[in-house]
Amino acid sequence: MSRQSIQMELAERPETNIIPGQTFRLVSGPAPTAADLQDGQLLVESLYISLDPAMRGWLQDRPSYLPPVQIGEVMRAGAIARVLASKSAVAAPGDIVSAFLGFAEVGILPEAAVQKAFPLPPNGKVTDLLGVLGFTGMTAYFGMTKIGKPKQGETVVVTAAAGATGSVAAQIAKINGARVIGTAGSEEKVGWLKEELGLDVALNYKDPDFQKKFKEATPDLIDVFFDNVGGEQLDMALARANKFSRFVICGGISQYNKTEPQGPKNFLNVITQRIHIEGFIVLDYATEFGTALEQLAQWLAEGKIQRKETIVKGGIKAAEEALVSLFTGQNTGKLMIEVKNPEGDSKL
């Protein structure tokens, strides 16, 4: 009997929250084989699949930096995969690669969608290829070093600091000598930020006194604001912005599922405080990926960057519920789906 493969396709566009069993549909069928390959293609099997806030935007039928996922298409996602067969010089059978395979167990990809895995540092692990040594880590790196540019003694605030990108961004600011404040959604996450990541201040945004504590934590105002949340926290930061501060707009997860997103009431402070606000996409810096990965790997090897992962078992069938959990703050660090343990046998 031929190998079967499960994939998850977009069934309908969500108006607000992703609805399990409705937004996506599971499809099972015979997996492609080496005989199906054409020149320049690779047959790969998924090991781990990345879950990211940006996925919510890919479901919207509107212009963006990537085309929207179409109804009936496999849900787009980055993955760590293993090559089963190859007609490309990019990678050989058995190689571990980073690939945009999507929510699928097995697939054929053009070589342009596959990259041989970055060499792991001594204390690295394969899942780092989706976290610190993947788009997550590079997003934090470029946003903080190219736009935020924290200096010794400056005050840096990172929202969603216990998340995949925020946790790396906050640590990069610490490496640069800044005083770093992180926000998160639970006391457990706040403890991790202070005790393991070494942030100077960590605040629970669900605390009834959050606004008061935020103001108390920024007596010298904010020099760099790295935002992953948007909404109220962005508005609070605008009210506490220093002159010539840098606001790095990486994401706005609090707004992604809203039909009417909340705009900042304190936006005119951009004028009076001469705030530099810049949004960015990690793909903007594609020519510098190699340099970023080398630096991140060095910091990881030296113990200057710590990381945590939330790995959901259950494969493709668990992907929908896991993606929903991303928007309710259930994860600490990088969230991913384990499709197949890399120690397991690969077979066609």
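Residues numbered from 1 in each chain as written. Predicted model: local features only at pLDDT ≥ 70, side-chain atom pairs only at ≥ 80, totals over all residues. Heavy atoms only, no water.

Asks: Explain helix α3 (residues 164-175) here, please?
Replies: Note on helix geometry: an α-helix contains 3.6 residues per turn, so any two residues three or four positions apart are oriented the same way. With 12 residues, α3 ought to run about 16 Å at 1.5 Å a step, and its terminal C-alpha atoms sit 17 Å apart, in line with that. Buried residues dominate α3, accounting for 10 of its 12 residues. When we look at burial in α3, the residues that qualify are A164, T165, G166, S167, V168, A169, A170, Q171, I172 and A173. (Helix = DSSP H or I, 4+ residues; strand = E, 2+ residues; numbered from the N terminus. Expected span 1.5 Å × (residues − 1). Buried < 20%, exposed > 50% of the residue type's maximum accessible area, 1.4 Å probe, protein only.)

Asks: Which parts of the structure should I look at to understand the UniProt feature "domain: Enoyl reductase (ER)" (unreviewed entry) in the chain?
Replies: Feature annotation in UniProt assigns "domain: Enoyl reductase (ER)" (unreviewed entry) to the following positions: residues 21-337. Taken end to end, residues 21-337 has its terminal C-alpha atoms 18 Å apart, with 26% of it in helix and 25% in strand. (UniProt positions renumbered as here; feature names shortened; annotations may be inferred.)

Asks: How do you make sense of unusual backbone geometry when you look at a structure like this?
Replies: The general pattern is negative phi for most residues beyond glycine and trans for most peptide bonds. Notably, L221 is not glycine yet its phi reads approximately 65 degrees, a positive angle. The residue L221 is located in the loop between α5 (210-217) and β11 (222-227) in this model. The exposure class assigned to L221 is partly exposed, which follows from its relative accessible area of 23%. For R274, which is not glycine, the phi torsion reads 50 degrees and is therefore positive. Of note, R274 is situated in the loop between α7 (269-272) and β13 (276-279). The class of R274 is partly exposed, set by a relative accessible area of 41%.

Asks: Help me out: how do you make sense of the packing of helix α2 (residues 135-148) against helix α8 (residues 289-302) in this one?
Replies: Helix-helix packing is characterised by the crossing angle of the two axes and by the distance between the axes. Closest axis-to-axis distance for the α2/α8 pair is 10 Å, and the angle between their directions is 100 degrees. Classified by the interaxial angle, the pair formed by α2 and α8 is roughly perpendicular. Contact residues: F135, G137, M138, Y141 and F142 in α2; F289, A292, L293, Q295, L296 and W299 in α8. (Axes fitted to C-alpha atoms, helices over the stretch in contact; angles between N-to-C directions. Parallel < 35°, antiparallel > 145°, perpendicular 65-115°, else oblique. Contact = heavy atoms within 4.5 Å.)

Asks: Help me understand the nonpolar core in this model?
Replies: Soluble globular proteins tend to bury their nonpolar side chains together. In terms of nonpolar packing, the biggest core is built from 40 residues, with M138, F142, M144, V156, I172, L193 and L296 touching the most fellow members. Elements that contribute at least two residues to this core include exactly α2, β8 (155-158), α3, β9 (179-184), α4 (187-195), β11 and α8. Broken down by element, this core gets its largest block of residues, 7 residues, from α8. Counting 35 residues, the second largest nonpolar core, distinct from the first, contains L10, L51, L323 and I337. (Core = buried A, V, L, I, M, F, W, Y, C linked by side-chain atoms within 4.5 Å.)

Asks: How should the pattern of salt bridges be read in this particular structure?
Replies: Note that side chains of opposite charge can pair when their charged atoms are close. Per the stated rule, a full pass over the model turns up 15 salt bridges. Note that D128 and R307 form a salt bridge whose closest N and O atoms lie 2.8 Å from each other. With D128 in the loop between β7 (114-116) and α2 and R307 in the loop between α8 and β14 (309-312), this residue pair connects regions lying 179 residues apart in the sequence. In this structure D128 comes out as buried when scored by relative accessible area, which is 1%. (Salt bridge = Lys/Arg side-chain N within 4 Å of Asp/Glu carboxyl O.)

Asks: Can you walk me through a nonpolar patch on the surface in this structure?
Replies: On the surface, Y65, F100, F135 and L283 cluster together into a nonpolar patch covering about 350 Å² of accessible area. One can find F100 in the loop between β5 (96-99) and β6 (106-110). Overall, F100 belongs to the partly exposed group, its relative accessible area being 36%. (Patch = residues over 30% accessible without salt bridge, like charges linked within 9 Å, V, L, I, M, F, W, Y side chains within 5 Å. Areas by Shrake-Rupley, 256 points an atom, 1.4 Å probe, with all protein chains shown as cover.)

Asks: Just to check I follow, could you spell out the pairing of β8 for this structure?
Replies: Walk down a regular strand and you will see the side chains alternate between the two sheet faces. Here β8 shows no split at all, with T155 and V157 on one side and V156 and V158 on the other all buried. Pairing of β8 with β9 involves 4 bridges; the strand directions are parallel. By the bridge assignment, T155 is partnered in β9 with R179. Taken together, β8, α3 and β9 constitute a β-α-β crossover, and its handedness is right-handed. Pairing analysis gives 3 bridges linking β8 to β11, with the strands arranged parallel. Within the sheet, the bridge partner assigned to V158 lies in β11 and is F226. (Pairing = 2+ DSSP bridges. Right-handed = clockwise from strand over helix to strand, strands pointing away.)

Asks: What exactly am I supposed to notice about the sheet that holds strand β12 (residues 241-249) here?
Replies: Hydrogen bonds between backbone groups are what pair the strands of a sheet, and the pairing can be parallel or antiparallel. If you trace the 6 strands from one edge of the open sheet to the other, you get β10-β9-β8-β11-β12-β13, paired in parallel fashion. The open sheet has two edge strands, β10 (201-204) and β13, and neither has a second partner. Along the sheet, successive strands turn relative to each other by an average axial angle of 15 degrees, direction set aside. As defined by bridge partners, β11 adjoins β12 across 5 bridges and the pair is classed as parallel. The residue of β12 that forms the bridge with F226 is V248. Against the sheet, α5 makes contact with β8, β9, β10 and β11, and its axis sits at roughly 165 degrees relative to β10, the strand it touches most.

Asks: Teacher, can you tell me more about the packing of aromatic side chains here?
Replies: Two aromatic rings, taken as a pair, are described by how far apart their centres are and by the angle between their planes. Scanning all chains against the criterion turns up 9 aromatic pairs. Summarising the aromatic geometry, the rings of F210 and F214 are spaced 5.9 Å apart at their centres and angled 65 degrees between planes, so their arrangement reads as edge-to-face. Here F214 and F210 lie together in helix α5, a separation of 4 residues that amounts to about one turn. Note on accessibility: F210 and F214 belong to one class, buried. For the pair F225 and F247, a centre-to-centre distance of 5.1 Å together with 45 degrees between the ring planes defines the contact as tilted. Placement of F225 in strand β11 and of F247 in strand β12 is noted, with a sequence separation of 22 residues between them. There is no split in this pair, since F225 and F247 are both buried. Of the aromatic side chains, those joined through ring pairs into one cluster are F100, F135, Y141, F142, Y285, F289 and W299. Directly above the aromatic system of W58 lies the positively charged group of R76, at a separation of 5.2 Å from the ring centroid. (Phe/Tyr/Trp six-rings, centres within 6.5 Å; stacked < 30°, edge-to-face > 60°. Lys NZ or Arg CZ within 6 Å of the ring centre and 35° of its normal.)

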